[in-house]
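Each chain, written out:
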Amino acid sequence: MPALTPSKRKRLILIAVVSIVLIWVLYSARRAVFPFIVGLLLGYIILPLVNFLDRNMVVALRSPKLSRAIAIVIVYLIAILIISVIVAFLIPLLSDQLQNFEYRMPYLISQAGKLLRRWLDEYQSSIPIDVELPIDLEKVVSDNLTRLSTELGRTVQEGVRQTITVITTTISFVLGIILIPIWLFYVLLDEYKARRSVLGMIPRAHRPDARNIYLIVDNVLGSYLRGQLLLGVSIGAMSMIALVIIGVEPALLLSIIAGLMEMLPWIGPIIALVIASFVALIQAPIKALWTVVAFLIIQQLESNILAPQIAGNAVRLHPALVMFVIIIGNEIAGIWGMLLIVPLTAVLRDVIRYLLLRFADVEVSPDEALAQVQGWKKEEILELQAEISLDFKEG
């Protein structure tokens, strides 16, 4: 890689300063910017479908602007259709299940208390008569059950109230939600121009590296985000079928939770298992047992069959490291930090490995460094580079 001249060093410093200022501005306006970040993530997820439709548009509609605009409209119509189906069928069903579950909650909590007291009686009967317990276990269990039900209800009510307050009082957030489809349309329409603009700020000698770093980021983020979305839908569907067969209510809500928790690698499925088994336990112990068995089978299918086929091995992070970075992500940015910290960590790892190879004492070419980092063959690299050749021309 060519050495940095004084002029290039000054340009690099300027870019760094501008980047820092831009990050500070975005962070200061994070509430207003948040919907647009969500829009960018959605756009990134649907971009391959838009590009596919654009490339395969009928000849009569082929033109630089028209074909792409039609492709975006088609994707929008597909999204509207999916949302309409969800609103028409799933929302009423979910509402009915929640109302029924809320109506039965006092009875289920009472049954759970009776179950725990029965276990406590069996435990006490197994203790010799001459042994005195230092505490009244039955009173402790009863008090904790009462406190748990009270705190749980209060927490749910407070969470709903806070959510409604934030949504209704943040005008910029509401405006962002309204503007996202229109804004995203123009982003997708001129996406290739944005790439060329970014490329134009990079010295020509470094454009091969910029192209390869783009491929690394696109591979990791694309595989992870789209893969986790498909995995979430798959896990939710399988969980729904299992819970309906077992007879656990509300099956739809628990399956949605299982699908959403799939977005958190390793930790998420465990949380979904605990929630579902606890809800099943207060309905019937045998249901809890079958729920645990069903969720463990689903998790095995996910980790051994679905994940390798859908998400591939783009992330390749050790489970211990995943758990560690998720905690860090939660501390930095809450739930969104937990969701995004894993792919960002994988991206950072691969980019650093690529740059270390490029800055090594023994010079490694851009394509050789990319092949070593991603494990791609030369033919695969050439094919990927050809797909973005219009955006990343070297000279």
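Definitions and cut-offs
- Residues numbered from 1 in each chain as written.
- Predicted model: local features only at pLDDT ≥ 70, side-chain atom pairs only at ≥ 80, totals over all residues.
- Heavy atoms only, no water.
- Helix = DSSP H or I, 4+ residues; strand = E, 2+ residues; numbered from the N terminus.
- Buried < 20%, exposed > 50% of the residue type's maximum accessible area, 1.4 Å probe, protein only.
- Contact = heavy atoms within 4.5 Å.
- Areas by Shrake-Rupley, 256 points an atom, 1.4 Å probe, with all protein chains shown as cover.
- Phe/Tyr/Trp six-rings, centres within 6.5 Å; stacked < 30°, edge-to-face > 60°.
- Lys NZ or Arg CZ within 6 Å of the ring centre and 35° of its normal.
- Salt bridge = Lys/Arg side-chain N within 4 Å of Asp/Glu carboxyl O.
- Core = buried A, V, L, I, M, F, W, Y, C linked by side-chain atoms within 4.5 Å.
- Axes fitted to C-alpha atoms, helices over the stretch in contact; angles between N-to-C directions.
- Parallel < 35°, antiparallel > 145°, perpendicular 65-115°, else oblique.
- Left-handed = near helix turned anticlockwise from the far one by under 90°.
- Expected span 1.5 Å × (residues − 1).
- Polar contact = N/O pair within 3.5 Å; in protein donor to acceptor, adjacent residues only side chain to side chain.

1. Brief notes about the overall build of the protein chain
Here comes step 1: For the protein chain, the helix and strand inventory stands at 13 helices and 0 strands.
Here comes step 2: The order of α-helices and β-strands along the protein chain, N terminus first, is α-α-α-α-α-α-α-α-α-α-α-α-α.
Here comes step 3: Taking all 395 residues of the protein chain together, the buried fraction comes to 31%.
Here comes step 4: Residue pairs in contact within the protein chain that sit at least 24 positions apart in sequence constitute 69% of those at least 6 positions apart.
Here comes step 5: Accessible surface, the protein chain as shown: approximately 24700 Å² in total, 71% of it carbon and sulfur.

2. Section: the packing of aromatic side chains
Here comes step 1: Within the structure shown, the criterion is met by 1 aromatic pair.
Here comes step 2: The interplanar angle of 90° and the centroid separation of 5.6 Å between the aromatic rings of Phe 185 and Tyr 186 together place this pair among those described as edge-to-face.
Here comes step 3: When the ring centre of Tyr 44 is taken as reference, the NZ or CZ atom of Arg 226 above it lies at 4.9 Å.

3. Here we look at the pattern of salt bridges
Here comes step 1: Tallying each qualifying case throughout the model produces 4 salt bridges.
Here comes step 2: One salt bridge connects Arg 211 with Asp 367, and the closest N-O pair in it is separated by 3.3 Å. Taken together, the residues span a long stretch of sequence, with Arg 211 in helix 7 (residues 207-246) and Asp 367 in helix 12 (residues 366-374) at a distance of 156 residues.

4. What to know about the nonpolar core
Here comes step 1: Core analysis: the biggest nonpolar cluster contains 26 residues, and Ile 216, Val 315, Leu 317, Ile 326, Val 342, Tyr 354 and Leu 370 have the highest contact counts within it.
Here comes step 2: Of all the secondary structure elements, the ones that give two or more residues to this core are helix 7, helix 11 (319-358) and helix 12.
Here comes step 3: Ranked by residues supplied to this core, first place goes to helix 11 with 10 residues.
Here comes step 4: With sequence-adjacent residues up to four places away left out, Ile 326 is seen in contact with Pro 265, Ile 267, Met 338, Ile 341 and Val 342.
Here comes step 5: Listed in part, the 19 residues of the second largest apolar core include Leu 243, Leu 254, Ala 276 and Ala 280.

5. Focus: the packing of helix 11 against helix 12
Here comes step 1: Where helix 11 meets helix 12, the closest approach of the two axes is 9 Å, and the angle between their N-to-C directions is 140°. Between helix 11 and helix 12, the angle is such that the two are oblique. Of the two possible hands of crossing, helix 11 and helix 12 adopt the one that is right-handed. Counted together, Asp 350, Arg 353, Tyr 354, Leu 357 and Arg 358 of helix 11 and Pro 366, Ala 369, Leu 370, Gln 372, Val 373 and Gln 374 of helix 12 form the full contact between these two elements.

6. Quick word on helix 9 (residues 267-281)
Here comes step 1: The end-to-end C-alpha distance of helix 9, which contains 15 residues, comes to 21 Å, matching closely the 21 Å that a straight helix rising 1.5 Å per residue would cover.
Here comes step 2: Of the residues making up helix 9, those classed as buried are Ile 267, Gly 268, Pro 269, Ala 272, Leu 273, Ala 276, Ser 277, Val 279 and Ala 280.

7. As for the environment of Gly 337
Here comes step 1: Along the chain, Gly 337 turns up in helix 11.
Here comes step 2: In sequence terms Gly 337 and Val 325 are 12 residues apart; their C-alpha atoms lie 9.4 Å from each other.
Here comes step 3: Residue contacts for Gly 337: discarding those within four places in its chain leaves Gly 329 and Asn 330.

8. What to know about the side chain of Asp 54
Here comes step 1: The residue Asp 54 is located in helix 2 (residues 30-55) in this model.
Here comes step 2: At 3.2 Å, the side chain of Asp 54 forms a polar contact with the side chain of Arg 68.

9. Details of the packing of helix 2 against helix 7
Here comes step 1: Two elements in contact, helix 2 and helix 7, have axes whose closest approach is 10 Å; the angle formed by their N-to-C orientations is 95°. When the interaxial angle is binned, helix 2 and helix 7 end up roughly perpendicular. Each of Leu 41, Tyr 44, Ile 45 and Pro 48 in helix 2 lies in contact with helix 7, whose residues at this interface are Val 217, Asp 218, Leu 221, Gly 222, Leu 225, Arg 226 and Leu 229.

10. Notes on unusual backbone geometry
Here comes step 1: The omega torsion across Glu 249 and Pro 250 is -10°, close enough to zero to call that bond cis.
Here comes step 2: Within the element layout of this structure, Pro 250 appears in the loop between helix 7 and helix 8 (251-261).

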